[in-house]
Amino acid sequence: MDHGGLMYQAFIFLLAAVISVPIAKRLGLGSVLGYLLAGVAIGPFALGLVGHNVENIMHFAEFGVVMMLFLVGLELQPSLLWKLRLPILGLGGLQVLLTTAAISAAALAFGLPWQWALAVGLILALSSTAIVLQSLNEKGLMGTEAGQSSFAVLLFQDITVIPMLALLPVLAITTDTTDLASGHAESVVGLSGWQHTLAVLGAVVGIIIGGRVLIRPLFRFIAATRLREIFTATALLLVIGIALLMGLVGLSAALGTFLAGVVLAESEYRHELEAEIEPFKGLLLGLFFISVGASIDFALLAEKPLLIATLVCLLISIKFIVLITLAKIFRLQNNQQWTFTFALAQSGEFCFVLFSFASQNHILPADVIDPLIVVVALSMALTPLLMIINDRCVQPLFLRNTTETREADTIDNGETDVIIAGFGRFGQIIDRSLNLSGYSTTVLEHDAVQVENLRKFGHKVFYGDASRQDLLHAAGGDTAKLLVIALDDHEKVMDIITLAKRHFPHLKIYARARGRVQAHELHKAGVDGFVRETFHSALAMSEQVMGALGMHAYEAHKTMRTFRKFDEQHLRDMIHVEQDPKAYISNAQKNRAELEKVMQADEEDPELLEQQHWGHK
Amino acid sequence: MSKILIICAHPNLRKSRLNRALVQIASTLRDVEVHDLYQHYPHFDIDINAEQTRLTNASAVIFLHPIYWYSCPALMKEWIDTVLQQGFAFGRNGTKLAGKHWLSVISTGGDKDAYCDSGTHHYGVTEFMIPFERTAHLCGMHYLPPLVCHNADKISDKDISTHCDIFAEMMSELLTGITQEK
């Protein structure tokens, strides 16, 4: 079969992604690991479905990283960037410096000459922007302290690539000037040092001024054509154009587009640009991850498994130690320190770029580069796994640590009338109104962050999972009169009901129901009362809307009450027919017709529904 | 500043031709504020402070309501119970309403004949209105004889119009009376 055909290649890559990513996601492994595994599967060392032109595909797919940085830039207002200047320079700078030193030292210990060792140290110090940002985004961690710090470090690393490209040729041992020149010629077309500096400055200033002055009218003009695909084309043109310009003056394309993103972060087209670039970025990044997976040289791995494994462990360990030290120096919160460390403990995609640059310029020999490329790819592939270890093993330690101290608090609450499980938007209102009437409450909340926030506002909330018998006991299950279950997780609500019925049968139970189906389940479980969580607020809104449409307020209120009465009656009726879906639907239709009839009759003859006012016949 | 405050208490104003017409004519007059209780407080949670301010600013209060079960509709009773507080309307220092006029403008479903010794209800409207009269007196208000419209459901458009004219006349007398007193 023709491995080179574009359609065939696209089919294989897409098929691999479509099969493996949802499975990985289902298994809780995250999409990045899914792509990497897809790459391994179709790579030359497993199924061999893709040819040996993976490297070309990877170069193409690296553009996904460029697009990602453009999008990251769009999210970052200059003011925010300015706020991050300390972590970028301090945390980022120290990370690159210390990691380079440590890895270079290790390389020296392996017997490499100092020039090679330094080059290897510099290159491997970089982490993977693509994998880290994608994973943190997917877990919703970008807003956290760990996410912001990781981003700051990655940003500094991306900037560092430029001086590295300038510095690396100096480290070449075999000074072959012609080769050096040709390596340089790729980026800086026959310009001398100061001209080059001028070109770089010009490009950067050009992007900033262009972004401020030219881009807005351009997009306004394009948007006025109302041709969506032209807008898409313009957005792509912008990103590709900047990438090319950056390449021309020898800057990293990722950095240039990032800068453009920041400049455009305040423009009114920010959201449209995001929406247009996002799918391209997603696909290209996926492609990139697949090609990283496919490019892992398993032959080399099979040849020198011990060496490669040692190097991978060494690389991750060195990065790990440097990162956790920095996290402590910069006083990140305890659990954030570990997320930050686990996230950044790999080498990244820029290593491939720099290694190929190093190879072209004879800075490093192939027998040093080849195993290291495998090491880098493996360290990238291990990152999602490391983050899973962090999620499942390390982070819970912090929760449990804090839980234990919090559980100790539970005891001092004394006997209370009511236990409230869940202190979200629902439980808070119940708690406050009960306290207002002088009833004492013990509140259990299973979200540690929520507990911390509420403590700041002076609420007395105990961290804990109310579906644990010991906790319910500690909260006063034996002495309280009533248990309110205000959690949104229905499974958990049912668990707590079962538990309370078995161990504290005297407790009256009032539970929050998600919707009709859950209300039926609560009823069957024998709760004393339930409320559908959005039912009454929707009714209140409908009453307001009827008023806004010109209906008299009291009439609107009565209409709402009629609806409420019928709907609640209907809910009770349906408990018996719930098992039979056909009967359920026909019953629902019958009920709706009945309600309509009643409302209609009320309109014509006030006797039917409304209380008949005597004397007004 | 409005000088007449009309407390309108009808749970279904849309279906009462008479009371709609009365509200309509009142709202065309200057210095008259029509305050629809069922529109403002469909949930019966009356804003006592706001109501007391309204009363303080008015020189005459007209209660516009149908007669239900020999009394006013429920929300108006709630209004009387909660707004006319001790210390505001009656009792020590409760003089905020003293000297103001109280006029009840009421409607009944039954005939005029039903409201007499020999009629269905055995008593006249004046007797049934005694609780309101006493309420007014306890607040130091001048209780005026009520304006009654019988047979309100079946009344002809022409009679409604006549009734409205009488109502308008009474309001203008109240307004000029108020002006003269000042």
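Just so it is clear, the model here is predicted, and its values are computed rather than measured.

1. What to know about the overall build of chain A
In step 1: Along its length, chain A carries 28 helices and six strands.
In step 2: Looking at chain A as a whole, 39% of its 617 residues are labelled buried.

2. Side note on the sheet that holds strand β6 (residues 529-532) of chain A
Residue and element names in this part refer to chain A.
In step 1: With parallel pairing, the six strands of this open sheet are ordered in space as β3-β2-β1-β4-β5-β6. Edge positions in the open sheet fall to β3 (462-463) and β6, since each of these has one partner strand only.
In step 2: When strand β1 (residues 418-421) meets strand β2 (residues 441-445), the two strands line up parallel, connected through four bridges. The residue of β2 that forms the bridge with Ile420 is Val443.
In step 3: Contacts from helix α21 (residues 425-436) reach β1, β2, β4 (482-485) and β5 (508-513) within the one sheet, and its direction differs from that of β2 by about 170°.
In step 4: Packing of helix α24 (residues 490-503) onto the sheet brings it into contact with β1, β4 and β5, and relative to β5 it is tilted by some 170°.

3. A closer look at the confidence of the model for chain B
In step 1: Predicted confidence across chain B gives a mean pLDDT of 92, with 96% of residues reaching 70 or more.
In step 2: Confidence estimates for the predicted assembly give a pTM of 0.52 and an ipTM of 0.85.

4. Quick look at the environment of Met67 of chain A
Residues and elements named next belong to chain A.
In step 1: Within the secondary structure, Met67 sits in helix α4 (residues 63-75).
In step 2: Classification of Met67 as buried rests on a count of 27 C-beta atoms within 10 Å.
In step 3: Expressed as a C-alpha distance, the spacing of Met67 and Glu278, which sit 211 residues apart in the sequence, is 8.1 Å.

5. Section: the confidence of the model for chain A
Low pLDDT marks stretches whose predicted atomic positions should not be read closely.
In step 1: A residue-level look at chain A finds 89% of positions with pLDDT of 70 or above and a mean pLDDT of 81.
In step 2: Considering only residues more than four positions removed or in separate chains, one finds that residues 606-617 of chain A, a stretch of pLDDT under 50, has 21 contacts.

6. Observations concerning the packing of α4 of chain A against helix α14 (residues 253-264) of chain A
Residues and elements named next belong to chain A.
In step 1: At their nearest, the axes of α4 and α14 sit 6 Å apart, and the two run at 25° to each other. In terms of their interaxial angle, α4 and α14 are classed as roughly parallel. Of the two elements, α4 crosses α14, and the hand of that crossing is right-handed. On α14, the residues touching Val65, Val66, Leu69, Phe70, Leu71, Val72, Gly73 and Leu74 of α4 are Ala253, Ala254, Thr257, Phe258, Leu259, Ala260, Gly261, Val262 and Leu264.
In step 2: Looking at the contact of α4 with α14 residue by residue, the class counts come to 14 nonpolar, three polar and no charged.

Thresholds, definitions, all that
- Residues numbered from 1 in each chain as written.
- Chains lettered and ligands numbered in written order.
- Predicted model: local features only at pLDDT ≥ 70, side-chain atom pairs only at ≥ 80, totals over all residues.
- Helix = DSSP H or I, 4+ residues; strand = E, 2+ residues; numbered from the N terminus.
- Buried ≥ 20, exposed ≤ 12 C-beta atoms within 10 Å, placed from the backbone.
- Pairing = 2+ DSSP bridges.
- Contact = placed C-beta atoms within 7 Å.
- Axes fitted to C-alpha atoms, helices over the stretch in contact; angles between N-to-C directions.
- pLDDT = per-residue confidence, 0-100.
- Parallel < 35°, antiparallel > 145°, perpendicular 65-115°, else oblique.
- Left-handed = near helix turned anticlockwise from the far one by under 90°.
- Nonpolar A, V, L, I, M, F, W, Y, C, P; charged D, E, K, R; others polar.

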